[in-house]
Structure formats: structure tokens, C-alpha cells
Amino acid sequence: SNLEYVLLTPDLSGALEMALMKIPPRSQSSDDLFSHTGEEVAYVSSGQLVLHLADKEVALNTGDSVKLPPGTHHSWDNQSDQEAVLIFAITPPTF
């Protein structure tokens, strides 16, 4: 896919990482669900996304946020005709 990631923290030396992910129209973050060892909080800066969690789907719009507990299998799906921008914080850093 044509995802674009931008690291928002100056470096990965601390306990927290912030990043921005741009998901083009009609594309998804990955074909498979993935997980992180730490917590993740995500904020939809613009656009619409479907968050696929282990066994459910959550529709998110501009201004929505979600917290993913450690080890939660998930992926992001942009089913719209507009680019979606997601800002997220992850601890520990995994970029």
C-alpha cells in the first residue's frame, strides 16, 4: 500500500513515540491484523476510518480517538474516497 508514516517525536530515546500515518483512499494499513507490546492511542486528524479489532469493527470520523490496550490485534481501513490522517502515540516506541 502507499501508506505514509511521519515520526512526530524528535527521536526514539524516551518512553513515548508519536507518529502520523496517512492512509490513501480505498486502502488499508495491512492485510493482516497486527499488535504492539505496549499501549496505543490514536486520533483521527482528518477523514474516516474503520478500525478492525480482533473480532469487531469500529467506525471512526474526524476528531474521534481510540485507545488500544497492549497486544490488541488491529488494522486500519480507509473505505472512503478521501485520504485519512491518523495521529498516534505508542509506548514503548516501536517505529
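(A) Geometry of unusual backbone geometry. In this structure, the amide linkage connecting Thr 91 to the following residue, Pro 92, adopts the cis form with an omega of -5°. Note that Pro 92 resides in the segment after strand E9 (84-91). Backbone geometry at Arg 26 places phi at a positive 55°, although glycine is not the residue there. By relative accessible area, which is 55% here, Arg 26 ends up exposed.

(B) Region of the structure containing the layout of surface pockets. Taken as a whole, the largest pocket spans an internal volume of roughly 180 Å³. Sorting the residues of the lining of the largest pocket by element identifies strand E2 (17-23), strand E8 (74-78) and E9 as the ones contributing at least two each. Grouping the constituent residues of the lining of the largest pocket by class yields seven nonpolar, four polar and two charged.

(C) Structural context of the sheet that holds strand E5 (residues 48-53). As summarised here, the arrangement of the four strands in space is E3-E8-E5-E6, forming an open sheet in which the pairing is antiparallel. Looking at which strands have only one partner, the edges of the open sheet turn out to be strand E3 (27-28) and strand E6 (56-61). The sheet contact formed by E3 and E8 spans two bridges and is antiparallel. Bridge assignment links Gln 28 to a residue of E8, and that residue is Asp 77.

(D) Broad picture of the confidence of the model for the chain. On average, the chain scores 91 in pLDDT, and the residues at 70 or more come to 98%. Here strand E1 (residues 4-7) is the element of the chain with the lowest mean pLDDT, 91, and E6 is the one with the highest, 96.

Thresholds applied
- Residues numbered from 1 in each chain as written.
- Predicted model: local features only at pLDDT ≥ 70, side-chain atom pairs only at ≥ 80, totals over all residues.
- Heavy atoms only, no water.
- Helix = DSSP H or I, 4+ residues; strand = E, 2+ residues; numbered from the N terminus.
- Buried < 20%, exposed > 50% of the residue type's maximum accessible area, 1.4 Å probe, protein only.
- 1 Å grid on protein atoms, 1.4 Å probe; cavity = no way out; pocket = protein on both sides within 12 Å on 5 of 7 lines; lining within 4 Å.
- Points joined across faces, edges and corners; volume = space filled by probe spheres on them.
- Nonpolar A, V, L, I, M, F, W, Y, C, P; charged D, E, K, R; others polar.
- Pairing = 2+ DSSP bridges.
- pLDDT = per-residue confidence, 0-100.

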